[in-house]
Amino acid sequence: MARVSLASGVEFDSEPDVPILLSGEKHGARLEYSCRTGRCISCKALVLSGVTTALQHESGLSAEEQGAGWILTCVRSADSDVVFAEDNEIEFDLPRAVIVPLRVTALERVTEDILVVRLRLAPSACWDYVPGQHVEIIGPNGIRRAYSLAGAPGRHSALELHVKRYPGGELSEYWFGEAAVGDLLRLRGPLGTFVLRESDRPLVFLATGTGIAPVKAMLEHLEQVGPQRPVTVYLGVRTAAELHWKPPAWPAHWDFVPVLSRCDRSWSGRTGYVQEALLADCPNLAAIDVYACGSDAMIRDARRLLVAAGLDPRRFFSDAFVESAPRVADE
Ligand SMILES: Cc1cc2nc3c(=O)[nH]c(=O)nc-3n(C[C@H](O)[C@H](O)[C@H](O)COP(=O)(O)OP(=O)(O)OC[C@H]3O[C@@H](n4cnc5c(N)ncnc54)[C@H](O)[C@@H]3O)c2cc1C
Ligand code: FES
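Keep in mind that what you see is a predicted model, and the values were worked out from it rather than measured.

1. A short note on unusual backbone geometry
The linkage connecting glycine 189 with the following residue, proline 190, adopts the cis geometry, with an omega of 5°. Of note, proline 190 is situated in strand E13 (residues 184-191). Its identity is not glycine, yet arginine 36 carries a phi of approximately 60°, on the positive side. Structurally, arginine 36 is set in the loop between helix H1 (20-26) and strand E3 (44-49). Judged by its relative accessible area of 8%, arginine 36 is buried. Phi is positive for asparagine 141, close to 60°, though the residue is something other than glycine. Residue position: asparagine 141 is located in the loop between strand E10 (134-138) and strand E11 (144-148).

Following this line, the structure appears as structure tokens:
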């Protein structure tokens, strides 16, 4: 048994061949995570001393990062006592993930490639989540795929997902070809640590495509608790036809900025990429909190650009919608 010490001084035992993230959770330590498959880098940590083994490929890390001592705790085990110089420990509790049944109650094709799915838990189900979290939908034949919850909790056990179609995708085939109102599925969750942090700084959300789903959940929550914080939402899509969401009636000091990445002569709004639009609009990045969700490419580029321009890296929170992959260990 190895001992892992986080940068804060928190320590826990880590079992052989078990991801450090999972050992930490079993012993009450809380580290950021999202995909748990070595792709999104939410669980990145810098090793000061100790030996670790990659149980699965750390595709999210560059060779330079690996060379500098960074690891992904969701797919690394500790072979000796390990001390982290930097990690993403969180300071709050989140609900425990469980498996619950649920039924499809509505399917609405909002663009060529996006389906809004509504689901309902059994009225007796005792299940809760925090806005921004995701679930794993367990579909036909036991296929598991991650989807973010697109609404604030507490609306009559109803859940909303924004599902993108991937050509040939196993669960895409089900959603876009076979799914029907009344279907019985299961979910495992809630999952992930992409949730709003305590702060009174202006909030900026960067989303691409269905990445708006957890942002919508956070916005609904902010409206419920009192929309004092200034909010700007940048939503990036390729063409105007792909804009599947726009804000309902909103607090006057909240802004919505749709950004198209493809040339469209009929479009008079912003063009380019959401991270570039924010960079052009915000003279003082040091004063804001950024929550980015959607494509991995956007999130990586946004982090690089914005931090280089003055954003505090600890005020950049992200959830990358990476493709699903088998997990090294089941929690
Ligand atoms: C934390 C988290 C939250 C997510 N939330 C959402 C959400 O709210 N809505 C949503 O639509 N998706 C979301 N995703 C992404 C979704 O889980 C994956 O895209 C999933 O793999 C799609 O399953 P599938 O069975 O349709 O396709 P698969 O069978 O997994 O893949 C089919 C093909 O599409 C490609 N592919 C699949 N997914 C991606 C991707 N994300 N990027 C690039 N290529 C891909 C694969 O390489 C493969 O060639 C989320 C992912 C994570 C990690
Ligand atoms: S890379 Fe570890 S949680 Fe995504």
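2. Side note on the site of ligand 1
With respect to spatial proximity, 21 residues lie near ligand 1, and among them Arg145, Ala146, Lys164, Leu171 and Ser172 are the closest. Within the backbone of alanine 146, a nitrogen or oxygen atom sits 2.7 Å from an oxygen atom of ligand 1. Between serine 148 and ligand 1, the recorded distance is 3.0 Å, taken from a backbone N or O atom to an oxygen atom. Here ligand 1 loses 80% of its free accessible area of 910 Å² to cover by the protein chains.

3. Considerations on the sheet that holds strand E9 (residues 114-121)
With antiparallel pairing, the six strands of this open sheet are ordered in space as E11-E10-E13-E8-E9-E12. The open sheet terminates on both sides in strands that have one partner only, identified here as E11 and strand E12 (158-164). Between one strand and the next, the sheet's axes are offset by a mean angle of 40°, whatever the strand orientation. Pairing of E9 with E12 involves seven bridges; the strand directions are antiparallel. Opposite leucine 115, over in E12, you have valine 163 as the bridge partner. Contacts from helix H3 (residues 170-178) reach strand E8 (98-111), E9, E10, E11, E12 and E13, with the element oriented near 115° to E12. Each of E11 and E12 touches helix H4 (residues 212-225); the most contacted strand, E12, lies at about 150° to it.

4. Things to note about the sheet that holds strand E1 (residues 2-5)
In spatial order, the strands read E2-E1-E7-E3-E5; together these five strands make up an open sheet with mixed pairing. Strands with a single pairing partner mark the edges of an open sheet, and in this sheet they are strand E2 (11-14) and strand E5 (70-72). For this sheet, the mean angle separating the axes of adjacent strands, direction not counted, is 40°. Taken together, the three bridges between E3 and strand E7 (residues 82-86) define a ladder with antiparallel strand orientation. Residue leucine 46 lies in a different strand from E7, and its bridge partner there is glutamate 86.

Rules and cut-offs
- Residues numbered from 1 in each chain as written.
- Chains lettered and ligands numbered in written order.
- Predicted model: local features only at pLDDT ≥ 70, side-chain atom pairs only at ≥ 80, totals over all residues.
- Heavy atoms only, no water.
- Helix = DSSP H or I, 4+ residues; strand = E, 2+ residues; numbered from the N terminus.
- Buried < 20%, exposed > 50% of the residue type's maximum accessible area, 1.4 Å probe, protein only.
- Near = heavy atom within 4 Å.
- Polar contact = N/O pair within 3.5 Å; in protein donor to acceptor, adjacent residues only side chain to side chain.
- Areas by Shrake-Rupley, 256 points an atom, 1.4 Å probe, with all protein chains shown as cover.
- Pairing = 2+ DSSP bridges.
- Axes fitted to C-alpha atoms, helices over the stretch in contact; angles between N-to-C directions.
- Contact = heavy atoms within 4.5 Å.

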